[in-house]
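Per-entry structural report
These are the residues of each chain, in order.
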Amino acid sequence: MAQLVRRYLDRILDEHRQVTDGALACYIPELARVDPHGFALSLSSADGFIYECGDAGVEFTIQSISKPFTYALALDQIGQNAVDAKIGVEPSGEAFNEISVDEATKKPKNPMINAGAIAAVSLIPASTPDERFAMIAEFYSACAGRRLELDRDVYSSEKATGSRNRAIAYMLQSFGVLDDDPDDVLDVYFRQCSFNVTSTDLARMAATLARGGVNPLTGRRVTNAAVVKRTLSVMVTCGMYDAAGDWVSAVGMPAKSGVGGGIVAVLPGQLGIGVYSPLLDAKGNSVRGVRLCRSLSEQLGLHFLTVARDSRATLRAVYEPRDGIRVYETHGDLLFSGAEQVARTVERERADFAAVILDVSRVDDIDDTARELLSGISAALRAEGRAGYLVDPAGIVIRNELEYETVRYATVDDAVAAAERDLRA
Ligand code: GLU
């Protein structure tokens, strides 16, 4: 059944394949050498299942997507008050590399612009730059669920050319924001921006935030829920450079982009998303990446301010009224992530039964994606030569029987009778 979801995601990716607008970041010379055509989408469910589309194996540098993670580590290590004493949480409305601090507080306005991100690095408690970097590497890797490595060429390239960030770091020192040597702090900052990741790493890192700080792949608690809440809040208001307002209105997920072409987006409690396409707009966001996220949000109903009436568990009960005939009873409001979970549970367990009955008679509300996925389950089972039945008395999934190849039954008993008949035949 996972292929039903994957097909859906592939279709959304394909809608944007032809987009070639934008330009590679070239102020870091090494970034101008990447393949401009790379295009990838990875999506992690809250329980760690990964869907990959396009060039999900291609590595690129994390760049500014590192910022929320170092900020989270600083919050985790020294607490919110100590972090707030050095870095604000207000959107700046300025470019990411603006050489500025807040006029009144003399602090960087937020941790998602370079000034705030460099300050965040300096707050990681360690006695040497290497020790600080090791803590950052360990934290990012724990979020991704694998050991992340540096792209040394990109690191050297940025270190050799990063005058603007040097200006920012020395300015921060003059305002008393940086206590450590600015060049030492910058060296760690340049290294953290140069971690190689794939869209799947980003999806896993996002899913760790979506799960309140637990990596769904490894089960490890990386940080606590309060840290994640603060980090996601700042990502909502400041994550997409100075296009945060557009992003929140159109896509509606806490997110962070990087000039390497990546975007990480989080749907709290539900999904982690990683996207890659290195051609950028004037603000530094991936052109195709933003459009892809917009379509995902619209088509899968992912905007975090979409008001669903109830978010109780989707599977209410699973039982076997007869040997070999298993009923999956769903309820509540069914959106993409709920339907995805049902599809995958059926797929995982399908060797255990001869016939499956999907009962949607207690579903209150459903969206188009969930409808398509659920109607696809019994059709897909039938296509494999297995038996799938849908109990849908109100026609909530199957509105028009001609549209789908799935028959709907009014009651579980009717479906059981049909299954028994078919199994005997
Ligand atoms: N390393 C880059 C810089 O500091 C990151 C910028 C970005 O991705 O926005 O300029």
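Residues numbered from 1 in each chain as written. Predicted model: local features only at pLDDT ≥ 70, side-chain atom pairs only at ≥ 80, totals over all residues. Heavy atoms only, no water.

1. Brief notes about the pairing of strand β10 (residues 355-366)
The test is simple: Strands pair, by our definition, only if DSSP identifies at least two bridges between them. Secondary structure elements follow DSSP: runs of H or I of four or more residues count as helices, runs of E of two or more count as strands, with numbering from the N terminus. By convention, orient the strands away from the viewer: a clockwise path from the first strand over the helix to the second makes the crossover right-handed.
The pairing of strand β9 (residues 325-334) with β10 spans nine bridges and is parallel. Opposite aspartate 333, over in β10, you have aspartate 365 as the bridge partner. For the handedness criterion, the β-α-β arrangement of β9, helix α13 (residues 336-349) and β10 is classed as right-handed. Strand direction decides the pairing type here: β10 and strand β11 (residues 387-391), joined by five bridges, are parallel.

2. A closer look at the side chain of aspartate 333
Applied cut-off: In the analysis that follows, any N or O atom pair within 3.5 Å is treated as a polar contact, provided that within protein one partner can donate a hydrogen and the other can accept it, and provided that, for residues neighboring in sequence, both atoms belong to side chains.
Relative to the assigned elements, aspartate 333 resides in strand β9. At 3.5 Å, the side chain of aspartate 333 forms a polar contact with the backbone nitrogen of aspartate 365.

3. Describing the environment of aspartate 47
The condition is simple: Here's how the labels work: a residue is buried when its accessible area is under 20% of the maximum for its type, exposed when over 50%, partly exposed in between, all with a 1.4 Å probe on protein chains only. For this analysis, residues touch if any pair of their heavy atoms sits within 4.5 Å.
Its location among the elements puts aspartate 47 in the loop between β1 (40-45) and β2 (50-54). Exposure remark for aspartate 47: the relative accessible area of 37% places this residue in the partly exposed category. When the C-alpha atoms of aspartate 47 and alanine 144 are compared, they prove to be 14 Å apart, with 97 residues separating the residues in sequence. Setting aside its immediate chain neighbours within four residues, aspartate 47 contacts Arg211, Pro216, Gln341 and Arg344. Separated by 2.4 Å, the side chains of aspartate 47 and serine 45 make a polar contact. At 3.0 Å, the side chain of aspartate 47 and the side chain of arginine 344 are in polar contact.

4. What about the site of the ligand?
Convention followed: Throughout this document, a residue counts as near a molecule or strand when at least one of its heavy atoms sits within 4 Å of that molecule or strand. Areas reported here follow the Shrake-Rupley algorithm with a probe of radius 1.4 Å; residue values treat only the protein chains shown as occluding.
Neighbouring the ligand are the residues Tyr27, Gln63, Ser64, Phe96, Asn114, Glu158, Asn165, Tyr189, Cys193, Tyr241, Gly258 and Val259. Within the side chain of glutamine 63, one N or O atom sits 2.7 Å away from a nitrogen atom of the ligand. Between the ligand and tyrosine 189 there is a distance of 2.6 Å, counted from an oxygen atom to a side-chain nitrogen or oxygen. For the ligand, whose free accessible area comes to 300 Å², the fraction covered by protein is 99%.

5. Remarks on the UniProt feature "binding site: substrate" (unreviewed entry) in the chain
As a reminder, the rule being used: UniProt positions are given in the numbering used here, feature names are shortened, and annotations may be inferred rather than shown by experiment.
According to UniProt, the "binding site: substrate" (unreviewed entry) feature falls on Ser64, Asn114, Glu158, Asn165, Tyr189, Tyr241 and Val259. Relative to the helices and strands, glutamate 158 is located in helix α6 (residues 152-161). With a relative accessible area of 3%, glutamate 158 lands in the buried category. Contact partners of glutamate 158, with chain neighbours within four places excluded, come to Ile28, Gln63, Asn165, Tyr189, Phe190 and Cys193. Inspection of the secondary structure assignment puts asparagine 165 in helix α7 (residues 163-174). We classify asparagine 165 as buried; its relative accessible area is 6%. Here asparagine 165 is in contact with Asn114, Ile118, Glu158, Leu186, Tyr189 and Phe190, once residues within four sequence places are set aside.

6. Here's the deal with the sheet that holds β1
Where we set the bar: Throughout, an axis means a line fitted to C-alpha atoms (over the contacting stretch in the case of helices), and angles, computed between N-to-C directions, take values from 0 to 180 degrees.
One open sheet accounts for five strands, arranged β2-β1-β7-β6-β5; its pairing is antiparallel. Looking at the sheet topology across the chains shown, the edges are occupied by β2 and β5 (255-257). Taking each pair of neighbouring strands and ignoring which way they run, the sheet shows an average axis angle of 10°. Strand direction decides the pairing type here: β5 and strand β6 (residues 262-267), joined by three bridges, are antiparallel. Along β6, the bridge assignment pairs alanine 255 with alanine 265.

7. Overview of the sheet that holds β10
Strand order in the open sheet formed by five strands is β8-β9-β10-β11-β12, and the pairing between neighbours is mixed. Of all strands in the sheet, those bounded by a partner on one side alone are β8 (315-322) and β12 (408-409). Of the strands in this sheet, β8, β9 and β10 touch α13, which is tilted by about 170° from β9. Contacts from helix α14 (residues 368-383) reach β9, β10 and β11 within the one sheet, and its direction differs from that of β10 by about 170°.

8. Let's talk about helix α4 (residues 114-123)
Because the α-helix completes a turn every 3.6 residues, residues three or four places apart line up on one side. Buried residues dominate α4, accounting for ten of its ten residues. Every buried residue of α4 is listed here: Asn114, Ala115, Gly116, Ala117, Ile118, Ala119, Ala120, Val121, Ser122 and Leu123. Buried positions along α4 lie against α2 (66-78), α3 (80-84), α5 (129-144), α7 and α8 (182-193).

9. A look at the pairing of β6
When you tally the buried positions in β6, you get six out of six residues, the bulk of the element. The side-chain alternation of β6 yields two buried faces, one formed by Gly262, Val264 and Val266 and the other by Ile263, Ala265 and Leu267. Where β5 folds back onto β6 in an antiparallel hairpin, the turn is made up of four residues, including glycine 261, whose phi is positive at roughly 105°. Across six bridges, β6 lies against strand β7 (residues 271-276) in antiparallel orientation. Note on β7: the bridge partner recorded for glycine 262 is tyrosine 276. The antiparallel hairpin formed by β6 and β7 contains three residues in its connecting segment, where glycine 269 sits at a positive phi of about 80°.

10. Here we look at the packing of aromatic side chains
Any aromatic ring pair is given by two values, namely how distant the centres are and how the planes are angled relative to each other. In plain terms, the rule: Paired rings are identified among Phe, Tyr and Trp, the last through its six-membered ring, by centres lying within 6.5 Å, and are further divided according to the angle between planes into stacked (under 30 degrees), edge-to-face (over 60) and tilted (the rest). Each ring is checked for a lysine NZ or an arginine CZ that lies within 6 Å of its centre and within 35 degrees of its normal; such an atom marks a charge sitting over the ring.
With the rule as written, the count across this model stands at nine aromatic pairs. On the numbers, 4.1 Å between centres and 10° between planes, the contact of phenylalanine 60 with tyrosine 276 is stacked. Linking phenylalanine 60 in strand β3 (residues 60-61) with tyrosine 276 in strand β7, this pair joins segments that are 216 residues apart in sequence. This pair shows no difference in class: phenylalanine 60 is buried, exactly as tyrosine 276 is. Aromatic side chains tyrosine 328 and phenylalanine 353 sit 6.2 Å apart centroid to centroid with 70° between the ring planes, which places their arrangement in the edge-to-face category. Of this pair, tyrosine 328 sits in strand β9 while phenylalanine 353 is found in the loop between α13 and β10, placing the two residues 25 residues apart along the sequence. Both residues of the pair, tyrosine 328 and phenylalanine 353, belong to the buried class. One aromatic cluster in this structure is built from Phe69, Phe133, Tyr140 and Phe195. Just above the ring of phenylalanine 133 sits the side chain of arginine 191; from NZ or CZ to the centre is 4.6 Å.

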